Amino acid sequence: MLTIGLIGGIASGKSAVAAALAKRGAVIYDADRIGHSVLQRPAVRDELVARRGAGILDGAGGLSRPAIAKLVFGDTPAAKANRQHLEELLHPLIRAQIEAEIRQLPDTDVPAVVIDAPLLLESGWNEVCQAVAFVDTPREQRLTRAEQNRGWSAEEFARREASQMPIEQKKGWSTHIIRNDGSLSELDAEVDRFWSAVRRR
């Protein structure tokens, strides 16, 4: 079974690429979505509260994602330390869940699995991928999408991006580039080209 890693900058359109690959038969694993469910585990909540205090809880006693985001995004020493702790806690749990679900897939029916993970390279998951696709979108377009779809300011966008590997470095680790600077039909053609290339391997 082919394993594909999907990377790109913030708001680059990885979800649209993942949806296009799903239409072609791939099974998609969204590490962000799985990470959100992992954050709800009592053991994870208890460890984070023990480190950061009850201020990271919401009104219902669960972890507040906005409160955690304020602690971990940015390039200050404190943010980097908080982010490292969170990643060391969550990444093994997310990876274990994805690997357990992949093992349950029927090999004959699934042409590929796609791991959509913002920190795919930083966590070393690219080592299990036969292909790593970088979704290449100009920064101006990504910023506009983040403002329109997520309600982020330019400052918040920059703060979040500073917490990730630089774009050019990510691109350098990829085996394939999927351009996403035009229409949805143009993106679908890019995905089709990529899919044909990796399926021939």
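Here the residue numbering is sequential within each chain, running from 1 through the sequence in written order. Only residues with pLDDT of at least 70 are given local features in this predicted model, and only at 80 or more are side-chain atom pairs given and counted; all residues enter the totals for whole chains, interfaces and linings. The side-chain numbers reported here are obtained from all heavy atoms of the structure, hydrogens and water having been left aside.

A. Spotlight on the overall build of the protein. Along the backbone of the protein there are nine helices and five strands. Under the scheme used here, helices are H or I runs from DSSP no shorter than 4 residues and strands are E runs no shorter than 2 residues, and both carry numbers assigned from the N terminus. The order of α-helices and β-strands along the protein, N terminus first, is β-α-β-α-α-α-α-β-β-α-α-α-β-α. The C-alpha atoms of the protein give a radius of gyration of 18 Å, which matches the 17 Å a tight globule of 201 residues would have. Counting only C-alpha atoms, the protein reaches 50 × 40 × 30 Å along its principal axes. Note on exposure labels: buried denotes an accessible area under 20% of the residue type's maximum, exposed denotes more than 50%, and partly exposed covers the range between, all computed with a 1.4 Å probe on protein chains only. Out of the 201 residues belonging to the protein, those deemed buried represent 45%. Looking at the protein alone, contacts between residues at least 24 apart form 73% of all its contacts between residues at least 6 apart. For a compact globule the rule gives 2.2 Å times the number of residues to the power 0.38, and the radius of gyration it is set against comes from C-alpha atoms. When checking whether two residues touch, look at their non-hydrogen atoms; a contact exists if any pair is within 4.5 Å.

B. Spotlight on the layout of surface pockets. Computed from the structure, the largest pocket encloses a volume of approximately 1200 Å³. A cavity, in this analysis, means grid points on a 1 Å lattice covering only the protein atoms where a 1.4 Å probe fits yet has no way out; a pocket is instead an open set bounded by protein on both sides within 12 Å along at least five of seven lines, and a residue lines either one if it has an atom within 4 Å of a point. In terms of lining, the largest pocket is formed by 43 residues, of which the most central are Asp32, His36, Phe73, Pro118 and Arg160. Looking at the lining of the largest pocket, the elements with two or more residues in it are α1 (14-23), α2 (31-39), α4 (65-72), α5 (77-103) and α6 (139-150). Of all the elements, α5 adds the most residues to the lining of the largest pocket, at six residues. Under this grouping Gly is polar, as are all residues other than the nonpolar Ala, Val, Leu, Ile, Met, Phe, Trp, Tyr, Cys and Pro and the charged Asp, Glu, Lys and Arg. Taken together, the residues that form the lining of the largest pocket break down as 20 nonpolar, twelve polar and eleven charged. Grid points are joined across faces, edges and corners, and a volume is the space filled by probe spheres set on the points.

C. Up close: the packing of aromatic side chains. Pairs were defined over the aromatic rings of Phe, Tyr and Trp, the Trp ring being its six-membered one, requiring ring centres within 6.5 Å. Orientation was assigned from the angle between planes: stacked under 30 degrees, edge-to-face over 60, tilted for the rest. Scanning all chains against the criterion turns up zero aromatic pairs. Here, over-ring charges are defined by two tests on the NZ atom of lysine or the CZ atom of arginine: distance to the ring centre within 6 Å, and angle to the ring normal within 35 degrees. Of note, Arg150 hangs over the ring of Trp152, and the distance from its end group to the ring centre comes to 5.0 Å.

D. Structural context of the sheet that holds strand β4 (residues 131-136). Within the open sheet, the five strands sit side by side as β2-β3-β1-β4-β5. Their pairing is parallel. Whereas interior strands pair on both sides, the edge strands pair on one side only; in this sheet they are β2 (27-30) and β5 (176-179). On average, adjacent strands in this sheet sit at an angle of 25° to one another, irrespective of strand direction. A pair of strands is labelled paired if DSSP reports no fewer than 2 bridges between them. The sheet contact formed by strand β1 (residues 2-8) and β4 spans five bridges and is parallel. Bridging from a neighbouring strand, Leu6 pairs with Ala133 of β4. Every angle, taken between N-to-C directions, lies between 0 and 180 degrees, and every axis is a line fitted to C-alpha atoms, over only the stretch in contact when it is a helix. Against the sheet, α2 engages β2 and β3 (112-116), with an angle of about 50° to β2.

E. Inspection of empty space enclosed by the protein at higher detail. Counted by the stated rule, this structure contains one cavity of 30 Å³ or more. Taken as a whole, the largest cavity holds about 80 Å³ of empty space. Along the walls of the largest cavity sit Leu48, Arg51, Arg52, Ile56, Ile68, Leu71, Val72, Asn82, His85 and Leu86, which together make up its complete lining. The set of elements that each furnish at least two residues to the lining of the largest cavity consists of α3 (42-52), α4 and α5. Partitioned by chemical class, the residues of the lining of the largest cavity number six nonpolar, two polar and two charged.

F. Just α4, in detail. Ala67, Ile68, Ala69 and Val72 are the residues of α4 that are buried. Looking at the packing, one finds that the buried side of α4 touches α2, α3, α5 and α7 (154-162). Once α4 ends, the next one or two residues include Gly74, with phi positive near 130°.

Note that every value here comes from positions in space, so none of it alone points to a role or purpose.
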